[in-house]
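Breakdown of the fold
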Amino acid sequence: MHPARVSDRLLVITGDYLDEHMTVVATGDGLVVIDTLATLPATRAALPAIAAFSREPVRFVINTHCDADHTAGNQLFTGATIVGHRHAPRHDQERVFDDPQSVADIQQFIQQLETNPDHARPAARHRCYLDAYRTLLDGFVGFRHTPPVVLAAGGTGLALGDIRIELEDAAPAHTDADLLVRVPALDLLVAGDTVLGAGFVPVAHAIHGGSVTGMRAVLERLAASLPPATRIIPGHGAPGGLELIARQQDYLDALLDAVGQARAQGRTLEEIRDSLQLEPFRDHFMYDLVHAIHVEMAWRETAPGD
Ligand SMILES: [Zn+2]
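Since the structure is predicted, the reported quantities are computational estimates derived from the model, not experimental observations. (Residues numbered from 1 in each chain as written. Predicted model: local features only at pLDDT ≥ 70, side-chain atom pairs only at ≥ 80, totals over all residues. Heavy atoms only, no water.)

So, the packing of helix H5 (residues 212-225) against helix H8 (residues 287-301)
Interaxial distance between H5 and H8 falls to 8 Å at its minimum, and their mutual angle equals 85 degrees. Taken together, the axes of H5 and H8 are roughly perpendicular relative to one another. Residues Val212, Thr213 and Gly214 of H5 touch H8, and the partners they reach there are His294, Met297, Ala298 and Glu301. Grouping the amino acids of the contact of H5 with H8 by side-chain chemistry returns three nonpolar, three polar and one charged. (Axes fitted to C-alpha atoms, helices over the stretch in contact; angles between N-to-C directions. Helix = DSSP H or I, 4+ residues; strand = E, 2+ residues; numbered from the N terminus. Parallel < 35°, antiparallel > 145°, perpendicular 65-115°, else oblique. Contact = heavy atoms within 4.5 Å. Nonpolar A, V, L, I, M, F, W, Y, C, P; charged D, E, K, R; others polar.)

So, the environment of Asp250
Secondary-structure assignment places Asp250 in helix H6 (residues 243-264). For Asp250 and Met297, which are 47 residues apart along the polypeptide, the C-alpha to C-alpha distance reads 17 Å.

Comments concerning the coordination of the zinc ion
For a metal bound by four donors in tetrahedral geometry, the ideal donor-metal-donor angle is 109.5 degrees, whereas six donors in octahedral geometry ideally sit at 90 or 180 degrees. Taken together, Asp69 (OD), His70 (NE2), Asp193 (OD) and His236 (NE2) make up the protein donors of the zinc ion, found 2.1 to 2.2 Å from the metal. Of note is the zinc ion, whose four donor atoms meet at the metal with angles of 87 to 163 degrees in an arrangement that counts as irregular. Between consecutive donors of the zinc ion, the numbers of intervening residues give the motif D-H-x122-D-x42-H. Separated by 43 residues along the polypeptide, Asp193 in the loop between strand S11 (188-192) and H5 and His236 in the loop between strand S12 (231-234) and H6 bring together distant segments of the chain. With respect to burial, Asp193 and His236 carry one shared label: buried. (Donors = N, O, S within 2.8 Å, 3.2 Å for Na, K, Ca; no water. Tetrahedral: all angles 85-135°; square planar, octahedral: opposite > 155°, others 65-115°. Buried < 20%, exposed > 50% of the residue type's maximum accessible area, 1.4 Å probe, protein only.)

Quick word on the pattern of salt bridges
Overall, the coordinates contain 15 salt bridges when judged by the stated rule. Residue Arg216 pairs with Asp253 through a salt bridge whose shortest N-O separation is 3.1 Å. Of this pair, Arg216 sits in helix H5 while Asp253 sits in helix H6, placing them 37 residues apart in sequence. Within this structure, Arg273, Asp274, Glu296 and Arg300 form a network of salt bridges that share partners. (Salt bridge = Lys/Arg side-chain N within 4 Å of Asp/Glu carboxyl O.)

Points about the confidence of the model for the chain
For the chain, the average pLDDT comes to 92, and 95% of its residues sit at 70 or higher. Per-residue pLDDT stays below 50 along residues 94-98; that stretch engages in 15 contacts with residues further than four places along the chain or on separate chains. (pLDDT = per-residue confidence, 0-100.)

Examining the pairing of strand S8 (residues 157-160)
Of the two faces of S8, the one holding Leu158 and Leu160 is buried and the one holding Gly157 and Ala159 is not buried anywhere. Remark: two residues form the turn of the hairpin made by S8 and strand S9 (residues 163-169), two consecutive strands paired antiparallel; Gly161 in that turn has positive phi of roughly 55 degrees. (Pairing = 2+ DSSP bridges.)

Regarding unusual backbone geometry
A cis amide bond, omega -5 degrees, links Ala171 with the succeeding residue Pro172. Within the fold, Pro172 resides in the loop between S9 and strand S10 (179-183). Although it is not a glycine, Asp187 sits at a positive phi angle of roughly 50 degrees. Here Met286, not a glycine, exhibits a phi torsion of approximately 80 degrees, which is positive. With respect to the secondary-structure elements, Met286 resides in the loop between helix H7 (269-272) and H8.

Details of the nonpolar core
One finds Tyr133, Leu255 and Met286 to be the most contacted residues of the largest nonpolar core, which totals 57 residues. Elements with a contribution of two residues or more to this core: helix H3 (100-115), helix H4 (123-138), S11, H5, H6, H7 and H8. A total of nine residues in this core trace back to one element, the largest contributor, which is H6. Among the nonpolar cores identified, the runner-up in size contains 21 residues, and Leu10, Val12, Phe60 and Leu158 belong to it. (Core = buried A, V, L, I, M, F, W, Y, C linked by side-chain atoms within 4.5 Å.)

Here we look at the packing of H4 against H8
H8 packs onto H4 with a crossing angle of 85 degrees between their chain directions and a minimal axis gap of 12 Å. If you check the angle between H4 and H8, you find them roughly perpendicular. Touching Arg125, Tyr129 and Tyr133 of H4 are Tyr287, Asp288 and Leu289, all from H8. A per-class count over the contact of H4 with H8 returns four nonpolar, no polar and two charged.

Notes on the sheet that holds strand S2 (residues 10-14)
Strand order in the open sheet made by the seven strands is S1-S2-S3-S4-S5-S6-S7, with mixed pairing throughout. The strands lining the two open edges of the sheet, one partner per strand, are strand S1 (2-5) and strand S7 (150-152). Strand-to-strand twist across the sheet, computed as the mean angle between neighbouring axes with direction ignored, equals 20 degrees. Relative to strand S3 (residues 21-26), S2 is paired through five bridges, and the arrangement is antiparallel. Bridging from a neighbouring strand, Ile13 pairs with Met22 of S3. Against the sheet, helix H1 (residues 40-53) touches S1, S2, S3 and strand S4 (31-34), its axis set at about 160 degrees to S2.

As C-alpha cells, then:
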C-alpha cells in the first residue's frame, strides 16, 4: 500500500493487488473517496494515511463500478454515502458482483489457473496472477456486502466545499455499470477500469455486461473532450495523462480492425477465436486472460444486422 499526496486536495493510495487505486479528494467540506482498495484489510490499512492527509470526514464514497477489487472496503466508511452507477446492484437485488458468490467465482478461477497453467505464459506472469487472485480471496474475511445507496446517472454532480465532482456514464465499457469521475478544478479524471495503465490491455468483462465497442466509443469521446493537462487515475497501473487513453485505443482499434478483416475474408468465429493474435500486445498484462474473449465480443458486437 503506497499513499501519494499529490496536492493539498488530492491523495492517491495504490494497493498491492494489481496496482489498484483509492483516490481521495479534499473538498473543504468533507472528503470524497473514489473506489476502495481491492481488499478489506488493504483498505483498513490505508485509513491512517487518509487521516494524516486531512481531518475532514469522508462524506461520499464513489464506486466507479461494482467489481470487488474496487469496492471491497466500502463497509469501512460508515457514515459516508456510497454512490454508484444506476445499474449497480442494490440491497434487494440478487445480481451482485462483490458478495460470497464472487468468492466462489474467484476460487474457481484460481483452481483453473492452478490446474491448467498456460505453458505459453511466462512463469513469473503466472505467479503474479495467482498471487493477485489469492490476495483478492483473502480480502473477503469479515466482508459485508455494502453496495451503493445512491445510484447515479450520467450528468450527476456532487458540489462540496469549493469542488464540483462530475459523474459521467461510461457503460457499457468495462462492465454495464461504469462511472467516470471528473474533478475539473483539479484537472482530474478517475477512470475506474474504463482506462487501465501503461502495459495493460483494456479489459471488457463479458459476464458483467461490458463491451469492446462501447469502450472504444467512450475512449474516443474522452480523447476528444478532456483538457490536455488532465491527470488520469486508471483502474490499475500508474497514473498518467491522455497517453493512457491513446494506448488503450490502439489495442481496441487493432482488435476491431482484425476481426473486421477476418469476417470480410469469410472466416468464422471458431476459426479466429484462439488464433487471432495481436503481436504488439502479447506481452501486456491481462492479454493472455482476456484477449480471446475480446475477439468473441468484437465478433458478436459488430455482427451485420446488429
Ligand atoms: Zn479492477
